[in-house]
Amino acid sequence: MTRKSRRLLLISCALGVLGIAAGLVLFALSDTIVFFRSPSEIAAQHVSPGTRLRLGGLVKDGTVEKADGTHVRFVVTDGGADVPVAYIGILPDLFREGQGVVAEGVLQADGSFRADSVLAKHDEKYMPKEVVEALKKQGKWQEGEGGAPAPALLPGRTSSAN
Amino acid sequence: MIPETGHFALVLALAVALLQMVLPVWGARTNDAALMRVGPALAVAFAGFISLAFAALVAAYVQSDFSVLNVYQNSHSEMPLIYKITSAWGNHEGSMLLWVLVLGLFGAMVALFGSNLPQRLKANVLAVQASVAVAFLLFILLTSNPFLRLSPAPAEGQDLNPVLQDIGLAIHPPLLYLGYVGFSITFAFAVAALIDGRIDAAWARWVRPWALAAWAFLTVGIAMGSYWAYYELGWGGWWFWDPVENASLMPWFAGTALIHSAVVMEKRDALKVWTVLLAILAFSLSLLGTFLVRSGVLTSVHAFATDPARGVFILMILVAFIGGSLGLFALRAPMLRQGGIFAPVSREGALVLNNLLLTASAAAVFVGTLYPLALEAWNGAKITVGPPYFNFTVGLLMVPVVFVMPFGPLLAWKRGDIAGVAQRLMAAFGLAILAGLAVAYGQAGGPALAPIGIGLAAFVILGSVTDLAERAGLGRVPAATAWARLRGLPRAAYGTMLAHAGIGICLLGIVAETSWSSERIVGIKTGEGTTVGRYELTLERVEPRTGPNYRDVAAVFRIREGGVDRGTVTSSKRLFTARNMPTTESGIRTFGFGQLYVSMGDELAGGGIGIRAYWKPLVTLIWLGAVVMAFGGVLSLSDRRLRIGAPRPARARRNADAAPANPAPAE
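Residues numbered from 1 in each chain as written. Chains lettered and ligands numbered in written order. Predicted model: local features only at pLDDT ≥ 70, side-chain atom pairs only at ≥ 80, totals over all residues.

Per an unreviewed UniProt entry, chain B carries the name Heme lyase CcmF/NrfE family subunit and comes from Ancylobacter crimeensis. Quoted verbatim from the Sequence similarities (unreviewed entry) field of the UniProt record, the comment on chain B reads "Belongs to the CcmF/CycK/Ccl1/NrfE/CcsA family." What the UniProt record of chain B gives under Subcellular location (unreviewed entry) is the line "Cell inner membrane". (UniProt positions renumbered as here; feature names shortened; annotations may be inferred.)

Per an unreviewed UniProt entry, the recorded name for chain A is Cytochrome c-type biogenesis protein CcmE, and the organism is Ancylobacter crimeensis. What UniProt states about chain A under its Function (unreviewed entry) heading is, verbatim, "Heme chaperone required for the biogenesis of c-type cytochromes. Transiently binds heme delivered by CcmC and transfers the heme to apo-cytochromes in a process facilitated by CcmF and CcmH." Quoted verbatim from the Sequence similarities (unreviewed entry) field of the UniProt record, the comment on chain A reads "Belongs to the CcmE/CycJ family."

*Asks:* So what's going on with the nonpolar core? Residues and values would help.
*Replies:* Counting 200 residues, the largest nonpolar core has B:Ala13, B:Phe46, B:Val100 and B:Phe189 as its most contacted members. In terms of residues, this core owes the most to one element, helix α8 (residues 201-232) of chain B, which gives 20 residues. With residues near it in sequence (within four places) discarded, B:Phe46 still touches B:Ala13, B:Val16, B:Ala17, B:Gln20, B:Gly104, B:Gly107 and B:Ala133. A:Val75, A:Val83, A:Val102 and A:Leu119 belong to the second largest nonpolar core, which has 27 residues in total. (Core = buried A, V, L, I, M, F, W, Y, C linked by C-beta atoms within 7 Å. Buried ≥ 20, exposed ≤ 12 C-beta atoms within 10 Å, placed from the backbone. Helix = DSSP H or I, 4+ residues; strand = E, 2+ residues; numbered from the N terminus. Contact = placed C-beta atoms within 7 Å.)

*Asks:* Could you give an account of unusual backbone geometry, naming the residues involved and the relevant values?
*Replies:* Residues and elements named next belong to chain B. A cis geometry characterises the amide bond from Ser151 onward to Pro152, with omega recorded as 0°. Considering the arrangement of structural elements, one finds Pro152 in the loop between α6 (119-143) and α7 (168-196). Here the phi dihedral of Asp159 falls at roughly 75°; this positive angle occurs in a residue that is not glycine. With respect to the secondary-structure elements, Asp159 resides in the loop between α6 and α7.

*Asks:* Describe the sheet that holds strand β8 (residues 587-591) of chain B, and please don't skip the residues or the numbers.
*Replies:* Residues and elements named next belong to chain B. The four strands lie next to each other as β2-β10-β9-β8, forming an open sheet whose pairing is antiparallel. Strands at the two margins of the open sheet, each flanked by one partner only, are β2 (518-524) and β8. Ignoring which end each strand starts from, the neighbouring axes of this sheet average 15° apart. Here seven bridges tie strand β9 (residues 594-603) to strand β10 (residues 609-616), and the two strands are oriented antiparallel to one another. (Pairing = 2+ DSSP bridges. Axes fitted to C-alpha atoms, helices over the stretch in contact; angles between N-to-C directions.)

*Asks:* Mind laying out helix α1 (residues 2-30) of chain B, listing which residues take part and the relevant values?
*Replies:* Taking 1.5 Å as the rise per residue, α1(B) with 29 residues should run 42 Å; its terminal C-alpha atoms sit 42 Å apart, in good agreement. Phi turns positive one or two residues past the end of α1(B), at B:Asn31, with a value near 55°. (Expected span 1.5 Å × (residues − 1).)

*Asks:* Tell me about the pairing of strand β6 (residues 564-576) of chain B, and name the residues and values.
*Replies:* In regular strands, side chains alternate between the two faces of the sheet. Residues and elements named next belong to chain B. Note: strand β5 (residues 550-561) against β6, 11 bridges, orientation antiparallel. Bridging from a neighbouring strand, Arg551 pairs with Leu575 of β6. Hairpin connection, β5 to β6: the antiparallel pair is bridged by two residues, and Gly562 has positive phi, about 55°. Sheet topology places β6 next to strand β7 (residues 581-585); five bridges connect them, and they run antiparallel. From the neighbouring strand, Ser572 faces β7, where its bridge partner is Glu585. Counting the residues between successive antiparallel strands, the hairpin from β6 to β7 contains four residues, one of them, Asn580, with a positive phi of roughly 50°.

Rendered as structure tokens:
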């Protein structure tokens, strides 16, 4: 084989592999992405039941019910609309009423949400970005000084922290 | 005074870095040997000033000097000493300083141990290295100064985020940064070679040790981060495809490709342009990782309080370095002479395939990580690209990588004999099939992919051993001769064997954990029990305890296996009083290579507690495999052939230790 034909073979192999990779990526992307929705968006857009979603907002005060150690029900709100959530498992440490939460799961036919994972914050100063934006849309968020979003809804936070 | 000294040292370091960025290149341009010789001296001075600044920050933390804003926000006087020290980099400002410290130490190592480098190349390398330092020092001084004072000084600090109050913070970030920043050296070599427009096989020989060292550190750094998340976050997961994890995985893929393509360049003088491109890409992806983590564009465990100005600044650094180096590459790459030719079936060919698949994997991770950001910027839609995407794409791309892995080292350079190699791998392949069949029989109804995964892992491990056995002529020559040959093999051969076997070991752990883990989520009262896997857990007692800066409630479980007592495991809920923040400390007991993992939930209204218990068979192999891989890298680094021009780890370790050992004693 000449240098030229070898190079051609190499390049076509490379393109082949990259083509397969690109195909895999596109196929997986069309199939596996999960949209983030706030309760208001779910109410407004008539999301069809069975859709996999990430639901974000605040845990509504006084709605957390723990049947036993593992079955939990609570309501996620963004001020505009509410979505009842059912979850089986251990809640994260920073899961509290009135605080930000992101739940991933499937919307049921009766409008409730069956979550298979619940995420709260990793830090008491920190609120998931999507939740902040969803709350801003509903006018439930006050921008803090210094550019950093200040979780005005969180109790026990000192202003010098950020 | 100490913080001001640190601040001053940072400014001095910036001045030194500016000189180091200009003088050596000027010397190389004008062929002025004296100017070129300034480079190493400046590099050492830079490392000295940065070490001083870092030591000052650690000293402020050790003394709990709350007049320093950074210390006030991230420390507490009641924290144990080790966490006071590690808090120094458990925040944005301090972690950037650690980043630059590592950069300085690497630069000094090039200056001190690169005595065999051609003078011009060394001068250019040090100058490029300094330009990275200048950019990041400006970033620290202008947007993230860790030495800002607070007046009046508060009496008590706000404590470190409890999740970070763990020995993991002492291990994971420094190792990861040694990996990330280590690729700055290979980047500097690539850019220096492009500036000169000249590159040869010797270049690859100088670059390979740095790439290997960075890769080994990155491998262990990622593995330790994974183990930390596994036991600290209490979810029992060891990899979440979190954007920040992806950010460390991308340079790992590129770096893995680089250490392989550099071999081809060194031995065969081929793939030159590609190797230079990979060296640029590996560091560009490290910079991208730094941007993703530090700019706050992503929601993740690693996002500290963020400031948009910082994000823009890092983005500018990113654009300047990636754009600049790729631009230079486009300009100069056509001038590089092409190297040796090879047949598609050859060791070079196998390494090219490895490179293609690894870069494709990096690209898949890149798309999955950045697509949500791009889409949100485009039309405001908020999406998540989750584990299913990454498992599918990376998983499928890794199958051929792993399958071809044993073939590579057995193939000859230039023109290989695939049939001969297949014949030599028959034994390994046969045993791997048997292992898969045994698993399929044993698990009866388990996941269909498990036998394939285990078979593949066994094939890689046995295949890498086959390579050594073949080289020694085991079974063909008398045992004594084979033994002598085995001992005579270069350490690099053992390095390859261990690194490849490490992949197989890691894969065994991954397959076993995902296929055969058992989980039990249940509420139980004192005296009650539950079973998970082969183990029976009984809740013996729930008791309150007190720590230095927290209170906790501990649940103690008795473990029995088939009635035999196996000791106890304790999980607890901690409340850190300064931040009023609870954390869960999972209880982990290792049996063989598997782990029993117990995570305590809330106390129940009717008494008792909710618990989540897992039995994870062979799970420790995931991290052990990574450690074996990195050890293979280190062994390869110590090969005689590479020791010339390679960094001397003992000396480097002494340098790194000097920083935290200096601070003045607490009052």
